[in-house]
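# Breakdown of the fold
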Number of protein chains: 2
Amino acid sequence: MTMDLTFLGTGSAYPSPHRGASAVVLRTEGECWLFDCGEGTQTQLMKSQLRSSRITNVFISHLHGDHLFGLPGLLCTVSLNLNPSAVQPATCVNIYGPQGLRRFLRVALQLTSTQLLFPYAVHELEPTADQCPPEGFLSPEVTADNGSLHPQELPGRTIALDVSSDCYVLMEDKRFVVKAFRLFHRVPSFGFSVQEHDRPGRLKTELLKELGLTPGPLYGRLKAGESVTLETGKVLNPVEVLEKAIPGRKVCVLGDCSSLLGEGGIRACHRANVLVHEATLSDEHREKAVDHGHSTPGMAAAVALACSAQRLVLYHFSQRYKPTGQHKEGEEDDVLELRRQAEEALQGTGIEVSLAEDFLTIPIALVRPR
Amino acid sequence: MTMDLTFLGTGSAYPSPHRGASAVVLRTEGECWLFDCGEGTQTQLMKSQLRSSRITNVFISHLHGDHLFGLPGLLCTVSLNLNPSAVQPATCVNIYGPQGLRRFLRVALQLTSTQLLFPYAVHELEPTADQCPPEGFLSPEVTADNGSLHPQELPGRTIALDVSSDCYVLMEDKRFVVKAFRLFHRVPSFGFSVQEHDRPGRLKTELLKELGLTPGPLYGRLKAGESVTLETGKVLNPVEVLEKAIPGRKVCVLGDCSSLLGEGGIRACHRANVLVHEATLSDEHREKAVDHGHSTPGMAAAVALACSAQRLVLYHFSQRYKPTGQHKEGEEDDVLELRRQAEEALQGTGIEVSLAEDFLTIPIALVRPR
Ligand SMILES: [Zn+2]
Ligand SMILES: [Zn+2]
Ligand SMILES: [Zn+2]
Ligand SMILES: [Zn+2]
């Protein structure tokens, strides 16, 4: 199963002709999962190889415009481009994000008389009281959704922090478990971890043949982890005939933050194959970055190190940092300097550092254990 | 005083890499007046020669996403790029549009914790009951703004139709009078007319000198239209010493529509220098266009003719029509065909037809009468 991550917007604060506003797509088995949806995301999607009709899950890290303002328009356009006479019923688009997201979307769709050809549901995460400065919390009147659903809206869940694991469990299916965890920013902000389940190793077919077993239902039961009693009376334990399990991949995308909050994030991101972390400003501007609830490459590197990530990808750059090809010799604010700073902080750790650019795709390969 | 019109988005339904969503800027004396603000308008502005900080008035024709979804982000970005320590106080941005606009903007700004460095006011136009099909009206609960202003919001007016003139008077100052008028679309939609006041003709200085008058305060009084009594006792009437008045320019921008409603639009657009009218689909698709509340080139031409416009500019093209340079030989849906259809309908009338494209600028010259 292929899996890759495509950056549709890597700029902070607002979209520009050089960098779109925040939006990242995780593609797996033909589904697209969208992380944040700044203004212009639908146009960036059209310019990419991805298909917006494949979006099944949307994760909004926090309610700042540069992560959110593209969402109503994206849903409209996905709907406009669907075939209204399609036979199969449209699947529900699940949207996860902080409290207030449900009302934002509902008001935007209602006031523009938008009808969608598919249902959607907004699942809201309850922030904790220490997740941002007091002035960053929205009052209950502002976030209240008053209960009257949009015609295509299905009731969403309200998800509270699971205190024991210090995270929010968003969904779990046969393939993945998806969690959110708390970040510290100017408003409640979240990171997301997508953990693929481990899968059983291949059957040692040579060995099975030696034991006199031919391919058939027995193979399936062993592969599924069941013990099997042979005709000889011998009990065959699956670990004896299976190669090592193939570890599931883990991709973590963090919203704006000056730090993680609690242990949940470190745990949820532990040994991530790819950790996507913001680096709005360079290390020299660390004080200003923290003041605004943002990070520098050195700060992002420290997070990658704390959770033993394999690869750190930086994004959400101040618009002053032009993409590499567009940066002129001698100009200040070279985005490559941001990579150098993270690399320096991670020297000797084996953690790889990449800079995201709009339309960069990072494949995430399965690694079979030797 | 120079005046020009720049198209930032000429596509219908949604923005695409070929055509932005609806947005047109009228520039005059360093001010920018924005007509509609689809998603991505701020990025289109950055690509243009215009400066978003100069936006003083915004006119939203109707509450469809492709005319509206760029507005919250645009205001955020204008504010972010202002100098917070600027000495002069920021001027209020006046925003005009249909009922419901105030709540849309307020909810979007509130939920994203947006603070602006300038005040804004939303002035809402009350639609009439015949302005769209019954299902196109928003319920009062959806449009109600509940009265609690955003911290940077100044109270806006609610403007009812002036029945005698069949139009809405939005503003009038020394230079302009701006009116809105009713259109028929799927939801309440409006057109806007910007009428520059006529200005007095030049003084006939040769004649004044012959009369023994030298430049001074007297000249100013004559130019301002005052009669003046000379030392000889003769009363000098300004018309005797002024060239013909220079007629003010008129620019009209219409929102989505399948027709005008009432006589107000024809009157407000009478002898417009430039009439900007949608042409979503070609004449062959007239029935479909009307079904969706839209127009074809032939329908737009009929409006231009009815109001004796000097120039008709078509915009809001279905995204199937690629810009001229990007259209491939032999491909159907040639946008030039839309111009041909309008030209054919206007043959012999002297009305000029233009196709808008993103970033096209049309200068609107003062015409001195001979
Ligand atoms: Zn941000
Ligand atoms: Zn933020
Ligand atoms: Zn439209
Ligand atoms: Zn419309």
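What you see is a predicted model; the values in this text were computed from it and never measured. (Residues numbered from 1 in each chain as written. Chains lettered and ligands numbered in written order. Predicted model: local features only at pLDDT ≥ 70, side-chain atom pairs only at ≥ 80, totals over all residues. Heavy atoms only, no water.)

Related by rotation about an axis and a shift along that axis, the two copies of the chain form a pair. With an RMSD of 0.2 Å, chain B superimposes on chain A once it is rotated by 180 degrees and translated 0.1 Å along the axis. Such a combination of rotation and displacement between the chain copies is what one expects of a two-fold axis. Nearest to the rotation axis, the C-alpha of B:Gly40 is located 2.7 Å from it, this being the minimum over chain B. Looking at the interface residues of chain B, 100% of them are also at the interface in chain A, so both copies use one shared face. (Least-squares fit on C-alpha atoms with pLDDT ≥ 70 in both. Contact = heavy atoms within 4.5 Å.)

A few words on the coordination of the zinc ion (ligand 2). All names here are of chain A. Within the first shell, the zinc ion (ligand 2) binds the protein through His62 (NE2), His64 (ND1), His185 (NE2) and Asp256 (OD), at distances of 2.2 to 2.3 Å. Taken together, the four donor atoms coordinating the zinc ion (ligand 2) span angles of 87 to 167 degrees at the metal, a pattern that classifies the geometry as irregular. Mapped onto the polypeptide sequence, the residues donating to the zinc ion (ligand 2) form the spacing pattern H-x1-H-x120-H-x70-D. Taken as an interatomic distance, the gap from the zinc ion (ligand 2) to the zinc ion (ligand 1) is 3.5 Å; Asp256 donates to each of them. With a gap of 123 residues between them, His62 in the loop between strand 4 (55–59) and helix 2 (65–68) and His185 in the loop between strand 10 (176–184) and strand 11 (189–196) connect regions that are remote in the sequence. Using a relative accessible area of 0% as the deciding quantity, one classes His62 as buried. (Donors = N, O, S within 2.8 Å, 3.2 Å for Na, K, Ca; no water. Tetrahedral: all angles 85-135°; square planar, octahedral: opposite > 155°, others 65-115°. Helix = DSSP H or I, 4+ residues; strand = E, 2+ residues; numbered from the N terminus. Buried < 20%, exposed > 50% of the residue type's maximum accessible area, 1.4 Å probe, protein only.)

All names here are of chain B. Looking at where Thr10 falls in the secondary structure, it is placed in the loop between strand 1 (3–9) and strand 2 (23–28). Accessibility expressed as a relative area gives 0% for Thr10, which makes it buried. Reaching out from Thr10, the side chain makes a polar contact with the side chain of Arg19 at a distance of 2.9 Å. With residues near it in sequence (within four places) discarded, Thr10 still touches Arg19, Gly20, Tyr315, His316, Phe317, Ala356, Glu357 and Asp358. (Polar contact = N/O pair within 3.5 Å; in protein donor to acceptor, adjacent residues only side chain to side chain.)

Attention now moves to the environment of B:Leu45. All names here are of chain B. Summarising the element assignment, Leu45 is placed in helix 1 (residues 41–47). Assessed through its relative accessible area of 2%, Leu45 is described here as buried. Residues Leu45 and Val24, 21 residues apart in the sequence, show an inter-C-alpha distance of 10.0 Å. Look past the residues within four positions of Leu45 in its chain and what remains in contact with it is Leu8, Leu50, Ser52, Ile55 and Leu74.

The next point concerns the pairing of strand 1 (residues 3–9) of chain A. All names here are of chain A. Across the seven residues that make up strand 1, a large majority, seven, are buried. Bridge count for strand 1 against strand 2 (residues 23–28) is six bridges, and the pairing is antiparallel. Within strand 2, the residue paired with Met3 across the bridge is Thr28. The pairing of strand 1 with strand 19 (residues 361–363) spans three bridges and is classified as antiparallel. Note on strand 19: the bridge partner recorded for Thr6 is Thr361. (Pairing = 2+ DSSP bridges.)

Turning next to the pattern of salt bridges. Under the counting rule described, the total for this entry stands at 37 salt bridges over all chains. Residue B:Glu29 pairs with B:Arg175 through a salt bridge whose shortest N-O separation is 3.5 Å. You can see B:Glu29 sitting in the loop between strand 2 and strand 3 (31–35) and its partner B:Arg175 sitting in the loop between strand 9 (168–172) and strand 10 (176–184), a full 146 residues away along the chain. Looking at B:Glu29, the relative accessible area reads 52%, which means it is exposed. The closest approach of N and O atoms between B:Arg175 and B:Asp173, which form a salt bridge, is 3.6 Å. Among the ionic contacts, a cluster of salt bridges with common partners joins A:Arg102, A:Arg106, A:Glu124, A:Asp145 and A:Glu153. (Salt bridge = Lys/Arg side-chain N within 4 Å of Asp/Glu carboxyl O.)

Right, let's get into the nonpolar core. The biggest cluster of nonpolar side chains holds 66 residues, and the ones touching the most others in it are A:Leu71, A:Ile95, B:Leu71 and B:Ile95. Sequence-distant contacts of A:Leu71, that is, excluding residues within four places in its chain, are made with A:Cys37, A:Val58, A:Ile60, A:Ile95, A:Leu101 and A:Leu105. (Core = buried A, V, L, I, M, F, W, Y, C linked by side-chain atoms within 4.5 Å.)

With the rule as written, the count across this model stands at 18 aromatic pairs over all chains. Ring centres of A:Phe7 and A:Tyr315 lie 6.0 Å apart, and the angle between their planes is 65 degrees; this geometry places the pair in the edge-to-face category. Here A:Tyr315 lies in strand 17 (residues 311–315) and A:Phe7 lies in strand 1, a separation of 308 residues in the sequence. Residue A:Phe7 is classed as buried on the basis of its relative accessible area of 0%. We classify A:Tyr315 as buried; its relative accessible area is 2%. Aromatic pair B:Trp33 and B:Phe59: ring centres 6.0 Å apart, planes at 50 degrees, arrangement tilted. Within this pair, whereas B:Trp33 is found in strand 3, its partner B:Phe59 is found in strand 4 (residues 55–59), the two being separated by 26 residues in sequence. Its relative accessible area of 0% is what places B:Trp33 among the buried residues. An aromatic cluster is defined as three or more aromatic residues linked by ring pairs; in this entry it consists of A:Trp33, A:Phe35, A:Phe59, A:Tyr96, A:Phe176 and A:Phe192. (Phe/Tyr/Trp six-rings, centres within 6.5 Å; stacked < 30°, edge-to-face > 60°.)

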